[in-house]
Amino acid sequence: MRYSFLFIFCVIFFQLSFGQTITVLEEGTDEPIPGVAIFNSKKTKTGITDLNGKVLIDHFYKDEILFFQNFLYEKVQTTKEDLKATNYILYLKPKVEDLKQIVLSASKFEQRKRDIPRRIISLNAKDIVLANPQTSADLLENSGNIFIQKSQLGGGSPMIRGFSANRLLITVDGVRMNNAIFRGGNLQNVISIDPLSIQNTEIILGSGSVVYGSDAIGGVMSFYTKKPQLSYKDEIYINGNSLVRYGSANTEKTGHFDFNVGFKKWAFLTNVSYTDFDDLRLGSHGPEEYLRNEYVVRENGEDIIVQNSNPQIQKPTAYSQLNLMQKVRYEPSDNLNFDFGLYFTRTSDYPRYDRLIRPREETLRSAEWQYGPQQWFMANFQATKLSSSSNLYDKIQSTLAYQNFKESRSDRDFQSPLREVREENVDALSFNLDIEKRLSSKTTISYGLEYLFNKVGSTGEEENIDTNAIVPNVTRYPNGATWQSVAGYASLKYKPISKFIFQTGLRYNQVLVRADFTENNEFLNLPFSDTQINNGALTGTAGFTWLPSQRMQWNLNFSTAFRAPNIDDIGKVFDSEPGSVVVPNNDLRPEYAYGGELGFKYNLENKFVIDLSTYYTFLDNALIRRDFELNGESEIIYDGEESNIQAIQNASKAWIYGFEIGLEYYFNERLKLRSQYNVIGGTEDNNGVEVPIRHVAPNFGRTHLIWKNEKLLFDAFLVYNNELSFSQLAPSELSKDYLYAKDSNGNPYAPSWHTINIRTQYRWNDKLTLTASLENITDQRYRPYSSGISAAGRNLILALKYSL
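Keep in mind the model is a prediction, meaning the values are calculated, not measured.

Within the protein, the regular secondary structure consists of nine helices and 54 strands. Relative to its length of 804 residues, the protein is compact, with a C-alpha radius of gyration of 27 Å against a globular reference of 28 Å. For the protein, the C-alpha atoms occupy an extent of roughly 85 × 55 × 50 Å along the three principal directions. Burial analysis of the protein (804 residues in total) assigns 58% to the buried set. A fraction of 67% describes how many contacts in the protein between residues 6 or more apart in sequence connect residues 24 or more apart. Carbon and sulfur atoms form 55% of the exposed surface of the protein, whose accessible area is close to 32700 Å². Positive and negative charge centroids in the protein, built from 85 and 94 side chains respectively, lie 10 Å apart.

Below you can see the structure in the form of C-alpha cells.
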C-alpha cells in the first residue's frame, strides 16, 4: 500500500506538461482571481480559473473572441492573439465588494458557492484585518455562525450546530489537523493557527465526511494560508506587510510581518507573528459570581490564599505565543506547480483558569493547574497538475504532510507537595490524492485516496516539590499507541440545466487502532493488557440546488457522517470532573450521524439578501462519558483521591436541530446592514431520559451597520446571546456550577448578554492602514456558555499595518 502511494505521488513530479495557460489577475493588487468563467460567443467552449487564477485555453481558436466574466469584476473580451502580446496575463478590474463566491472546501476543488447544496461561510484576509482577532478562535467567532467556548485565555473551542471538539474537523492548507488524541471535551488546538497568516477561511456547516472522513460530523473549518506569489512580469515581485497591535483588556502586544519574493518560476514567503497577553480584565456590570476575589500564591514554601486587589483581573491568565511559517512555490510550467510549507507555533505555559477557580469546601481546590507549551509543527508538500488531454483527470493534486503535536499538563492540589505532570506527543503522517475530471459540459467527478497514520507518546510522573523526588505515574494515554485510517471517496456533480445542480458522493473508511496498556496496568489493573480495533465506515451525501430565477435559490441536502474511536476515546485516563476519573475502554464502535438540511436564499437586485437554513441531525451510537465498572468496582484511587469510575462508551443517542437566518440590506453604495442569528436545540438519551446536550449553545447572533468610502470604513455592531436556564443545562454542566451565575433560586444558569461595539478602519494610502476598535463599550461582565473564563470587559484595540 505504501509503495503504491509513493508511486502515484512520484508520477506527479515527472509528468511533462503541454498546453497554453492564461493567468487572470486583479488590477492594482496582482492577486490571482479564482472562479473567472471563460467562454466563446456561443458558449460551446468554456473554462474556469483555479485558485491560482489559471485556466487552460488550448481548445479556443487563436482569432476566437474570448469572454472573461466574474460578477465581482468588469467583463472583458479579447482573443488569444491579443493575449499573446501581454504574455498571456489578463487583468480584471474589481466591480463590487468580494462576496466570496468561489469555495474550495466542499470538494477540494474550486466550485461556485451557488452550486453547492450546503451552507458554507467564507472569510478572507480583508475580513481578518478589519476584525483584528487575537486568535483564530476569535476569527471564527466573527463569522456569526460559530459559538466559541473558552476554558482559559489560551483557548477557544468552536461549537457548530450542536457539535464541538472531535466531532468537528480542522484543516490547514488541505491537511487534516485532527489527531488521535483530539478529545470530546473542549479543544484549543485552533489557536495554533496564526490568524495573520490566513488568506481565507471556509466553514462547512454540517457534515463533511465524504470528502474529509472521520470527525467531520458537525462541520469542517478549512484554513488556507497565504501563498507565495510569482512574478508575472519581467522584474522580481516583492511584497510584504508588517503590523503592530495593542489591546487594552489583556494588554495585548502583537507584532507581525510577512515578506514575499517572487521570480518567474520560484516564489518565497516568510510569515512571523508574536503575541504577548497579560491577565484578562472582565467587565464592571454583571454577575458577581464571575469576579476573581481570591487566588493562591506560594510564599516561604507554603500555599496561601490572598485577596485580589482588583477582582476584575482574572489571575492568572497571561500567556504568549510565537507563530512561524515559511513557504516555497515552484512552477516549472503553466500547468504544473509544487508547494512546500513549514509551520511552527508554540505557546508559553498557560494557566487553565477554570480549574484554578474550582472550590473545595471553603477554600480553593488547586494551587497549580496549567498547560505546558502547546506546540505544533507541520511540513507540507503539495504537487498540482492540470491537463486538457488526459482521460483520467483535468486536475490532480497530491499532498504529503508530517505533523508533530506536543502538549502537557501540570497540576497540584492546594497545600499538597505532590505535582502531577503528564506530557503527550503525537507524530502524524498523511497522504492525500485528489482528482477532478470534467466528463462533459454537464458532468464533473472528483475522487481520491487518503492514508493517515498517528503515533502517540505519553508520559506521566509525580513530583514532590518539597523533596524534588520524582516517581512514575499513570500516563494520560497508552504510550506507543497507533491510529491509522485508509479511505477512498468519489463525488459527482451533474448540471443538466443552468437552474438545477445535483451533487452526490460516497466514501469508505477503514480505521485501525492498536494500544498497549501494560505500563498503565501497574496503576489501574485493567482486565485487558492491549486492544486492537478495526472498524469500517461507509458514508454518503446527496443534494441539489434549484435556481428558479436569478433572485431565488433552494438547497436540499442529505448526508451521513461518522467518527471512529481514537486513542483519546479508547485509552485516556484523566479526572473528568471533581471526584471522577475516566479509564480506558476497549469495546468501542464508530458513532454515526444522519442529517438533512434545507436552505433558501433570496437576492433582490443585490439590495436585499436573505439566507435561511434549517437542519436536523440524529447521532446514533454516540460516544459519551458514562459511569463504568472496573473489575466489579465503581471507585478507584486516582492522584491520591477516591474517584468515581467513568469511561467513554457507545451509550447514547442525540437529536439536534436548528434554524439560521442571515440578511443583508444595502441602503446605498456606502451603507449596509448585515445580521446573522442562530437557533439551536437538541437532547440526548441519558439512561432512557432525554436531557440537554452539552455542546448545544444558546441562541446567538450579531448585527452590523457598516458605512464606507474610498478611505474610511465604520462598523457599529451588536453581539447578543440568549439565556440558558437551569433546566436547560446539560448534566455535565450542572456538575460545574462554580462556573455559572446563580438564578433567583440559587441554581446555576447562563444569563443572556449583549455587547455594543464599534470598529473603524482608515486607509491613509496604499501602504498604511489604521484599524481601531472599541469592544464591549458598556463594559458588560459576562461569561459565554460553558466557558471557564469571563469575556473581556471594555477593550480598545489599535492596529497599524504597513504594506510594501
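Now for a nonpolar patch on the surface. A contiguous nonpolar patch, built from Ile-236, Ile-238, Phe-257, Phe-259, Phe-263, Trp-266, Phe-268, Tyr-802 and Leu-804 and spanning about 830 Å² of accessible area, is present on the exposed surface. When contributions to the nonpolar patch are tallied by element, the ones reaching two or more residues are strand 19 (252-262) and strand 20 (266-277). When you line up the elements, Tyr-802 lands in strand 54 (residues 795-803). When its relative accessible area of 37% is taken as the criterion, Tyr-802 is described as partly exposed.

So, on to the pattern of salt bridges. Per the counting criterion, the structure on display carries 44 salt bridges. For the salt bridge of Glu-597 with Arg-161, the shortest nitrogen-to-oxygen distance reads 3.2 Å. Here the residue Glu-597 occupies a position in strand 42 (residues 591-604), and Arg-161 occupies one in the loop between strand 12 (157-160) and strand 13 (163-164), the gap between them amounting to 436 residues. By relative accessible area, Arg-161 is classed as buried at 7%. Lys-253 is paired through a salt bridge with Asp-276; the nearest N and O atoms lie 3.3 Å apart. One end of the pair, Lys-253, is in strand 19; the other, Asp-276, is in strand 20, with 23 residues separating them in the sequence. Its relative accessible area of 39% is what places Lys-253 among the partly exposed residues. One salt-bridge network, in which partners are shared between bridges, spans Arg-298, Asp-303, Glu-368, Arg-412, Arg-419, Glu-463 and Asp-466.

Looking now at the sheet that holds strand 1 (residues 21-26). Each strand in a sheet pairs with its neighbour through backbone hydrogen bonds, running either in the same direction (parallel) or in the opposite one (antiparallel). Strand order in this open sheet of three strands is 4-1-7, and the pairing throughout is mixed. Each having just a single partner strand, strand 4 (54-56) and strand 7 (89-92) make up the two edges of the open sheet. For this sheet, the mean angle separating the axes of adjacent strands, direction not counted, is 30 degrees. In this sheet, strand 4 lies alongside strand 1 in antiparallel orientation, the contact comprising three bridges. Residue pairing for strand 4: Thr-21 is matched across the bridge by Leu-56.

Before going further, it helps to examine the packing of aromatic side chains. Taken as a whole and assessed by the stated rule, the structure comprises 23 aromatic pairs. A ring pair is formed by Trp-266 and Phe-268, whose centres lie 6.2 Å apart and whose planes are at 5 degrees; its orientation type is stacked. When its relative accessible area of 32% is taken as the criterion, Phe-268 is described as partly exposed. Ring centres 4.5 Å apart and planes at 50 degrees place the aromatic pair Trp-554 and Phe-600 in the tilted group. Placement of the pair is Trp-554 in strand 39 (residues 552-563) and Phe-600 in strand 42, with a sequence separation of 46 residues. Residue class for Trp-554 comes out partly exposed when judged on its relative accessible area of 33%. Clustering of aromatic rings is evident, with ring pairs tying together Trp-266, Phe-268, Tyr-330, Phe-338 and Phe-381. Note that Arg-352 overlies the ring of Trp-369, its terminal NZ or CZ placed 5.4 Å from the centroid.

To continue, consider the sheet that holds strand 11 (residues 147-149). Spatial ordering of the open sheet is given by 11-12-13, a layout of three strands whose pairing is antiparallel. The sheet is open, and its two edges are formed by strand 11 and strand 13, each paired on a single side.

Among the nonpolar cores identified, the biggest contains 102 residues, and Ile-203 and Phe-223 are the most heavily contacted of them. At five residues, strand 45 (residues 641-666) tops the list of elements feeding residues into this core. With residues near it in sequence (within four places) discarded, Phe-223 still touches Ser-136, Leu-139, Leu-140, Ile-170, Thr-171, Val-172, Asp-173, Val-190, Ile-193, Ile-198, Asn-200 and Thr-201. Core analysis: the second largest hydrophobic core is formed by 16 residues, Val-36, Leu-83, Leu-90 and Leu-92 among them.

Moving on: the environment of Pro-590. Structurally, the position occupied by Pro-590 is in the loop between strand 41 (580-582) and strand 42. Residue Pro-590 is classed as buried on the basis of its relative accessible area, which comes to 7%. Sequence separation between Pro-590 and Ile-203 is 387 residues, and the spatial gap between their C-alpha atoms is 24 Å. Sequence-distant contacts of Pro-590, that is, excluding residues within four places in its chain, are made with Asn-535, Phe-562, Arg-563, Ala-564, Pro-565, Asn-621 and Asn-650.

Calculation notes
Residues numbered from 1 in each chain as written. Predicted model: local features only at pLDDT ≥ 70, side-chain atom pairs only at ≥ 80, totals over all residues. Heavy atoms only, no water. Helix = DSSP H or I, 4+ residues; strand = E, 2+ residues; numbered from the N terminus. Rg over C-alpha atoms; globule rule 2.2 N^0.38 Å. Buried < 20%, exposed > 50% of the residue type's maximum accessible area, 1.4 Å probe, protein only. Contact = heavy atoms within 4.5 Å. Areas by Shrake-Rupley, 256 points an atom, 1.4 Å probe, with all protein chains shown as cover. Lys, Arg positive; Asp, Glu negative; His and termini not counted. Charge placed at Lys NZ, Arg CZ, Asp CG, Glu CD. Patch = residues over 30% accessible without salt bridge, like charges linked within 9 Å, V, L, I, M, F, W, Y side chains within 5 Å. Salt bridge = Lys/Arg side-chain N within 4 Å of Asp/Glu carboxyl O. Pairing = 2+ DSSP bridges. Axes fitted to C-alpha atoms, helices over the stretch in contact; angles between N-to-C directions. Phe/Tyr/Trp six-rings, centres within 6.5 Å; stacked < 30°, edge-to-face > 60°. Lys NZ or Arg CZ within 6 Å of the ring centre and 35° of its normal. Core = buried A, V, L, I, M, F, W, Y, C linked by side-chain atoms within 4.5 Å.

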